[in-house]
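# Structural description and commentary
Next come the chains, spelled out residue by residue.
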Amino acid sequence: MLALEGIKVVDLTHVAPGAYCTMILADLGADVLKVDPPPAARANMTGTGMSPIGEEGRREAAFYAPNRNKRSIALNLRSEEGKGILHRLAGRADVMVEGFSPGTVKRLGVDYETIARINPRVVYCSLSGYGQDGPYRDLPGHDINYIAMGGVLGLIGSERGAPALPQNLIADFAGGSLFAAIGILTALLARERTGRGQYLDLSMTDGVVSLLTWEATRYFREGKFQQRGTAMLGGAYPYYGVYETKDGKYLSIGCIEPRFWETLCRLLGREDYASYTFRPEHFTDKPRDRKWAEIKRFLEAKFITRTRQEWFDLLSGAGLPVGKVNAMDELFSDPQVLHRRMVLELDHPAVGKVRQVGIPVKLSETPGRVRSLSPVLGEHTDAVLKELGYSTEQIRGWREAGVVV
């Protein structure tokens, strides 16, 4: 048994944050149906979550993990027939997820109010950059904009120079996908008690702001906050930082706790540095004693004398918080990652062996599973429409008219 077995999800999203959110639900057992636009309707769309097209897209689909465990139907929602098909799908759905610009689903006639009249038990999630209301509602954006407006980008990087871009992990996937999945699961649980579905307005920027809860606590209490590159978690203090090693690779050190820092100083033959350790004010204040710069220079010179693996073996053997800065090829051969089954090798009938990232939620009784790899566009259109009671003749006519693919 899978935890979300029997939960039907209609996925209207076309970009990665929505695809990853519904992948989480699918991995845990939900029946996720991707509703993709037909090729003719993709002219102005650049979404990375849309299903690839035809046999030439089969290999791309096989490796695209965010669409795994899903089925695909290609449906033109701008046609009345396509809208009617979606309404029938919605009548059987537990969850609907959309990621259009605010107001788009209303114009298409597939908004929450319309769908809730058809199915009052539906949990309907709108995932957008700034939310469905407020002064930035209609402002277009991407991860870089949401983490900038949400206060996170200004914290990342060195004190001098521009902020450092952390890929699109914080707003798209943490502030967006993960919070959306949490909200959907919470609403499903609430439905068990109330019998009613509800609307979830998920703003990626709201999610980014929420990720600052820990930093904001001190700001609200004391009016002090971390400046980029000048505080402990930004690398300003030598006990918490990244150091280059002899082989040109990098090692991370997180010796915040005094006992760890003392052990490191002893291992490096500089017990006189042990008293220079973490203080609570380091969270927001830059180093003032010149000794910190001396310690930093010493560590830089010391770590460059051995390879990353040599340092990792020595420091991890001493029980210190140390980590190798892994490149992608190193990450997916790391013994801990492999042991935790975060690399899956799967069989694809056309492509052969396919590797994908594993499932992080380790449930003891109802674990998630990859049951199928990603579909190509419209791979399940006929099957889904027949499940809804439509005839072969109707499906053929809609295909000829460009309603479905």
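For the structure, check the block above.
Residues numbered from 1 in each chain as written. Predicted model: local features only at pLDDT ≥ 70, side-chain atom pairs only at ≥ 80, totals over all residues. Heavy atoms only, no water.

## Focus on the overall build of the chain
Counting secondary structure elements, the chain contains 16 helices and 11 strands. In terms of principal-axis extent, the alpha carbons of the chain reach across some 85 × 50 × 40 Å. Residue burial in the chain is summarised as follows: out of 405 residues, 47% are buried. Element-wise, carbon and sulfur atoms account for 54% of the exposed surface of the chain, whose accessible area totals about 20,500 Å². (Helix = DSSP H or I, 4+ residues; strand = E, 2+ residues; numbered from the N terminus. Buried < 20%, exposed > 50% of the residue type's maximum accessible area, 1.4 Å probe, protein only. Areas by Shrake-Rupley, 256 points an atom, 1.4 Å probe, with all protein chains shown as cover.)

## Regarding a nonpolar patch on the surface
On the surface, Y136, L139 and M149 cluster together into a nonpolar patch covering about 290 Å² of accessible area. Checked against the element boundaries, L139 lands in the loop between β5 (123-128) and α6 (143-149). L139 sits in the partly exposed class, given a relative accessible area of 41%. (Patch = residues over 30% accessible without salt bridge, like charges linked within 9 Å, V, L, I, M, F, W, Y side chains within 5 Å. Salt bridge = Lys/Arg side-chain N within 4 Å of Asp/Glu carboxyl O.)

## Examining helix α7 (residues 169-194)
With 26 residues, α7 should cover 38 Å at 1.5 Å per step; its first-to-last C-alpha distance of 35 Å lies within 8% of that length. Positive phi shows up at G195, right after α7, with a value of about 80°. (Expected span 1.5 Å × (residues − 1).)

## Description of the side chain of K83
Within the secondary structure layout, K83 lies in helix α3 (residues 80-92). K83 sits in the buried class, given a relative accessible area of 17%. Those residues within four positions of K83 in sequence are excluded, and the remaining contacts are N76, L77, L108, G109 and V110. (Contact = heavy atoms within 4.5 Å.)

## Brief notes about the pairing of strand β2 (residues 31-36)
Every other side chain in a regular strand lies on the same face of the sheet, so the side chains alternate between the two faces. In terms of burial, β2 is largely enclosed, as 5 of its 6 residues are buried. With 4 bridges connecting them, strand β1 (residues 8-11) and β2 associate as parallel partners. From the neighbouring strand, V9 faces β2, where its bridge partner is V32. Traced from β1 through helix α1 (residues 16-27) to β2, the parallel crossover comes out right-handed. Bridging between β2 and strand β3 (residues 70-74) involves 5 bridges; their strand directions are parallel. Residue pairing in the sheet places L33 in a bridge with R71 of β3. (Pairing = 2+ DSSP bridges. Right-handed = clockwise from strand over helix to strand, strands pointing away.)

## Topic: the packing of aromatic side chains
This model, assessed by the stated rule, comprises 20 aromatic pairs. Note on F278 and F283: the rings are 5.2 Å apart at their centroids and 70° apart in plane angle, and the pair reads as edge-to-face. An aromatic cluster of at least three residues, connected via ring pairs, comprises W214, Y237, Y239, W261, Y276, F278, F283 and W292. Positioned over the ring face of F298 is R270, at 5.4 Å from the centre of the ring. It is K324 that lies over the ring of F312; its NZ or CZ is 4.8 Å from the centre. (Phe/Tyr/Trp six-rings, centres within 6.5 Å; stacked < 30°, edge-to-face > 60°. Lys NZ or Arg CZ within 6 Å of the ring centre and 35° of its normal.)

## Digging into the nonpolar core
Formed by 33 residues in total, the largest nonpolar core has its most connected members in I7, V9, A30, V95, C125, I147 and I184. Counting only elements with at least two residues in this core, the list comes to α1, β4 (95-98), β5, α6, α7, β6 (198-203) and α8 (204-211). Tallying contributions element by element places α7 first for this core, with 7 residues. Setting aside chain neighbours within four positions, we find V9 in contact with T22, L25, A30, D31, V32, L33, V95 and V97. Counting 30 residues, the second largest nonpolar core, distinct from the first, contains A93, L108, V122 and V403. (Core = buried A, V, L, I, M, F, W, Y, C linked by side-chain atoms within 4.5 Å.)

## Observations concerning a negative patch on the surface
There is a patch of like negative charges on the surface, built from E244, D247, E310 and D313. Looking at the secondary structure, you find E310 in helix α12 (residues 308-317). Under the relative-accessibility criterion, E310 is labelled partly exposed at 42%. (Lys, Arg positive; Asp, Glu negative; His and termini not counted. Charge placed at Lys NZ, Arg CZ, Asp CG, Glu CD.)

## Let's talk about the sheet that holds β2
Overall, parallel pairing links the 6 strands, which are arranged β3-β2-β1-β4-β5-β6 in an open sheet. In the strand order of this sheet, the two ends are held by β3 and β6, each with one partner. For this sheet, the mean inter-axis angle between neighbouring strands, taken without regard to orientation, is 20°. (Axes fitted to C-alpha atoms, helices over the stretch in contact; angles between N-to-C directions.)

## So, the pairing of β1
When β1 meets β4, the two strands line up parallel, connected through 3 bridges. Bridge pairing in β4 links V9 to V95.

## Focus: unusual backbone geometry
In this structure, Q167 takes a positive phi of about 60° despite not being glycine. Tracing the sequence through the fold places Q167 in the loop between α6 and α7. Accessibility expressed as a relative area gives 62% for Q167, which makes it exposed. Look at R341: it is not a glycine, yet its phi comes out positive at around 55°. Among the structural elements, R341 can be located in the loop between α14 (335-339) and β10 (343-348). We classify R341 as exposed; its relative accessible area is 54%.

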